Amino acid sequence: MSSGDSNLSADEIALYDRQIRLWGMAAQARMRSAKVLLINLGSIGTEITKNIVLSGIGNLTLLDDHTVTEEDLGSQFFLSKENVGYKRLEVTKDRIQELNPRVNLTYDVGKFKEKDAEYFKQFDLIIGTELSTLETIELNKITRRFNIPLYIAGSNGLFAYIFVDLVQFDAVDEKLKSSVPVEIGRISSNKEVIEVNVRIDEDDSKKIYEKVTTRHHYKTFEDVLQAASLKDKLNRRQLKRLSGAVPLTFAKFNLQNNQACPTSEELRKSMQAISNKFGVPVENIKDEYFEQFANQSGIEFAPVSAVIGGAVAQDVINVFGKRQSPICNFIIFDGITLDMPIYEF
Amino acid sequence: MAGRESNIVKIVGIENYEKIRNCKCLLVGAGGIGSELLKDLILMQFGEIHIIDLDTIDLSNLNRQFLFRQKDIKQPKSTTAVKAVSHFSNSKLIPYQGNIMDTNQFPLHWFNQFDIIFNALDNLAARRYVNKIAQFLSLPLLESGTSGFDGYIQPIIPHLTECFDCTKKETPKTFPVCTIRSTPNLPIHCIVWAKNFLFNELFASSITENNQDEQRLEDKQDWGTEDKEEIERIKQETNELHELQKIIYSKDSSKIVNILEKLFIHDIEKLLLIENLWKTREKPTSLTLEHIESSKKIDVSKLKLDQIWSLEEQIAKFINVTEILMNRYSIEKSIEFDKDDEDTLEFVVTAANIRSYIFGISMKSVFDSKQIAGNIIPAIATTNAIIAGLSSIVSLRVLNLLNYANVKKPTDINMAFTSKASNISNQRYLSNPNLSKPNCNCAVCSKVCRGVLEVSTVKLQTSTLGELIELIRTTFKYPNDVSVLDVSGQRLLADFDFDDLLDKTLEDLKLGEGDVLLFTDDEGDEDSNQFRKSLELYIAVVSDKSDDYIKLPSIEVPLIEKIEEAESNDMEEEINIATNANEETIILIDEEEALELDKQSKGKRLEREDSSDKDNIKKIRTTNTIEDDIIELD
Ligand SMILES: [Zn+2]
């Protein structure tokens, strides 16, 4: 497929009809020329793959060296019983391509850890799933070096997170003009409005829109781990409502040994340190919550993956399509209450 | 445990996992949300899933309905979806191609086999219907919907939390006749004119039928004007249009120019004579014969669907496509507008654009006009995936399978809707308010109690109406003075001065499967001025029980304050406003968000995907649920 051609064919317009009506032909054409790397095809990886392949991303490389296990069958819909014991990519690649024959798919069964930095340079955007804290930090160093947007997602049973590092990103949002005009300047710790234009609806001159360009500043994963805190950011009521998943997710990131299933004691100790740093009273985190988080640590749960994979894929599409502001810079999802706040760490 | 169940067991525990394996789900819809839900429910290891869809697969579904391929186009969605998931499914799956509202295929007792219902529907009528069924059977329902980036899920626990109809839903836009026929000022006005008026006048089956329709409807119209002169002109114009249909009959393509002249020159000139109309408006400028003449040089085969054509190109294409339709008409005898029928779409778009030009309105490409004419709602994979995922996750709480997050009261459970993507907040991806209690003014879930009366075939023959009333009175604590109405048959069965039928058996009274009885407290309690709430009972005849089996629903019928009888239309209005206000408060969960909340964005939530293929459009027409279409008020 020629990536330089910005005109969509009649077939593409018919196939992508319902989404072009949302983000326009130009965004669809830009997506077609994009080159994305997805690391690890687990439950969240599968969901992201499905969504961005359906949406018509131009080129997708999947990097995964895992072998299919019995457990995978409960969280990954590309797999069937006969696939157990084979390489994940080998047994899923036909099913992925079937989703959308127009997408250029590349399968790499190499090890993530053995790839040198130059390997990553070829991509416009990288998505990492099922990565440890150290792996994430290493990957983030590389994406910073080459100025590549990075998405990281993972889950612990009913709890999940998304980290985004687009380095710096200008997004244009269009909204109906309200009585209070948008002013240029910093609007939050990571965002500033740099340009405001007014557009009048050509069909209805009474409708006046403001096109607001917002510059998003991002931090690296390592910096976020160091800087993340909720001190002075939440009022008493918000603090009371805060999901235990927030400090617990960070407690797990901060564990020295960095394994998928830490012991309960290790996690508790880390949680106490994080609570302190975040300014969250440790008694806010109920024992039941703690136990469940520890119990579900490292587990993939299909519907949670659907939510997280949907949110990551949508943001990736928005970044390529230059539509809507991207996530900046951290999401923590609590599947019990469906709480899904966006933090600017 | 290391198997496909190991993850879910860690989340819900082994006992609750067994409950999931024994759980029977009804999934209504196999489209965008339905495909995603089917996958999620299977991976959660639900034991049995029945999936229903009326539709067949269309090309425009493939950007999101990930279970379908190019080769599946025109196949039924339900059966194709079930085949597509078989490689990863460990659940018993039963597909049905049918309309969930078809009581022959899906009678009430059929619904009773399920533990939970998931709605993944694309229209209001079916959502309302399933909601009502859930109320009758006290079945938990997970309602959901998406439109572009926007989506919502709402768990409904009958009698305990808000039902689908507790809040007023957005109704489709309508326009006054005068705006459509005389004074358009937006592209949509011209498209409605071309589609709902012009196209029908020219290509509907029979002239006489149309005339009758118009006679019947004429008095009820919202003309949007008091101007007698203008109303007369509109009526006359309609009559003259019937003359134009004769040109279509004639199959004489040289006369298509006459259609153009009539619509875009003579009618506009007449319109200009009504001076009142143009005192505050820009006057239209009619087409000229030169325009029509110069359009003849144009090669219509080169026109692109995503571009805005010039006026001459619009005229050339109009002539070209009218000729095609003329020839089709002589064979098909009647042509209906269908957004996926290129000829009908291009006729409507070119006619609308020429009219737009005349009225100084901007013209639109075929691609953009199709969205308005076909009432297409944008739909993407990601929103559907998120919404289906949320619906699946929250089902664990609705079924109370998370021991560590025990549901003490149903209002502990959360609903959710997109927040960031819908421009409501930048601080949260979702808004997740707790469920509300039922709206006490809701006609579906609150004004009456509902339940199923199960009765054996023998009992139906032996039990008298008097005995049944006595049983209901004692069970639900009604006073002596009750009235009983046969809702299905629209007849009174008993009240304080009508006791003739009390000795008749239920069978004598022709009561049986599917009939609905309404019990009303006519006496009340004088001291407290309270009344027992009315009770609607659906009769279900069971064959596998003992001869004297009769079972009332295990619900409580509460006492309520007396409601004034005389409820005028004005009061209904007020109730609606109150309901709206109520809806607002649900969403105001955070003071910060209250400021950001855009009232408009909420209305959009409650939408549906488009109903895509021809069959569906026809069915919608025949069942008279045109509420999903943009309609002119006539
Ligand atoms: Zn209700």
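Residues numbered from 1 in each chain as written. Chains lettered and ligands numbered in written order. Predicted model: local features only at pLDDT ≥ 70, side-chain atom pairs only at ≥ 80, totals over all residues. Heavy atoms only, no water.

> So, the coordination of the zinc ion: which residues are in play, and what are the values?
All names here are of chain B. Coordination of the zinc ion by the protein is provided by Cys163 (SG), Cys166 (SG), Cys442 (SG) and Cys445 (SG), with metal-donor distances spanning 2.2 to 2.3 Å. Considering all 4 donor atoms around the zinc ion, angles at the metal cover 96 to 118 degrees and the coordination shape is tetrahedral. We note that the donor set of the zinc ion lies within a single chain, spaced as C-x2-C-x275-C-x2-C. Each of the two residues, Cys442 as well as Cys445, counts as buried. (Donors = N, O, S within 2.8 Å, 3.2 Å for Na, K, Ca; no water. Tetrahedral: all angles 85-135°; square planar, octahedral: opposite > 155°, others 65-115°. Buried < 20%, exposed > 50% of the residue type's maximum accessible area, 1.4 Å probe, protein only.)

> Could you give me a rundown of unusual backbone geometry, with the residues and numbers involved?
In this structure, the amide linkage connecting Cys328 of chain A to the following residue, Asn329 of chain A, adopts the cis form with an omega of -5 degrees. Summarising the element assignment, Asn329 of chain A is placed in the loop between helix H12 (302-321) and strand S11 (330-334). Even without a glycine there, the phi angle at Val167 of chain A is positive, about 60 degrees. Tracing the backbone through its elements, the reader meets Val167 of chain A in the loop between strand S6 (159-165) and strand S7 (168-176). The phi angle at Lys333 of chain B is positive, at roughly 70 degrees, despite the residue not being glycine. Tracing the backbone through its elements, the reader meets Lys333 of chain B in the loop between helix H13 (311-332) and helix H14 (342-358). (Helix = DSSP H or I, 4+ residues; strand = E, 2+ residues; numbered from the N terminus.)

> Break down the domain arrangement of chain A for me, with residues and values.
All names here are of chain A. For chain A, the assigned domains read domain 1 (10-167 + 301-343), domain 2 (169-217) and domain 3 (221-295). The distance between the C-alpha centroids of domain 1 and domain 2 comes to 30 Å. Carbon and sulfur atoms supply 58% of the area that domain 1 and domain 2 bury against each other, a total of about 700 Å² over both sides. Of all residues in domain 1, the largest losses of buried area upon contact with domain 2 belong to Ser325, Pro326 and Cys328, amounting jointly to 52% of the total for that side. There are 0 salt bridges connecting domain 1 and domain 2. When its residues are assigned to classes, the side of domain 1 that touches domain 2 shows 5 nonpolar, 3 polar and no charged. (Domains from an automatic or database assignment. Buried area = accessible area lost by both parts, 1.4 Å probe. Salt bridge = Lys/Arg side-chain N within 4 Å of Asp/Glu carboxyl O. Nonpolar A, V, L, I, M, F, W, Y, C, P; charged D, E, K, R; others polar.)

> Describe the pairing of strand S12 (residues 491-494) of chain B, and please don't skip the residues or the numbers.
All names here are of chain B. Here strand S11 (residues 482-486) runs beside S12; their pairing, made up of 3 bridges, is antiparallel. When the bridges of S12 are listed, Asp486 appears paired with Arg491. In sequence, S11 turns back onto S12 through a hairpin of 4 residues, with Gln490 there showing a positive phi of about 55 degrees. (Pairing = 2+ DSSP bridges.)

> Which residues make up the interface of chain B and chain A, and what values go with them?
Listed per partner, the contact involves 74 residues of chain B and 73 residues of chain A. Of the roughly 6,300 Å² buried where chain B meets chain A, counting both sides, 60% is carbon and sulfur surface. Counting across the interface, chain B meets chain A through 4 salt bridges. Glu36 of chain B is the partner of Lys50 of chain A in a salt bridge, and the nearest nitrogen-oxygen pair spans 2.6 Å. Applying the counting criterion to the chain B and chain A interface returns 20 residue pairs in polar contact (both at pLDDT 80 or more). Of all the secondary structure elements, the ones that give two or more residues to the side of chain B that touches chain A are helix H1 (6-12), helix H3 (32-43), helix H15 (366-373), helix H16 (381-398) and helix H20 (591-596) of chain B. A total of 11 residues in the side of chain B that touches chain A trace back to one element, the largest contributor, which is H16 of chain B. Looking at the side of chain B that touches chain A, its residues break down into 35 nonpolar, 20 polar and 19 charged. (Contact = heavy atoms within 4.5 Å. Polar contact = N/O pair within 3.5 Å; in protein donor to acceptor, adjacent residues only side chain to side chain.)

> Please set out the confidence of the model for chain B residue by residue, giving values where relevant.
Residue and element names in this part refer to chain B. Residues at a pLDDT of 70 or more form 85% of chain B, whose mean pLDDT is 84. pLDDT under 50 marks residues 208-216. Its contacts with residues more than four places away, or in other chains, come to 9 contacts. Counting contacts from residues 564-634, a segment whose pLDDT is below 50, to residues more than four positions away or on other chains yields 148 contacts. (pLDDT = per-residue confidence, 0-100.)

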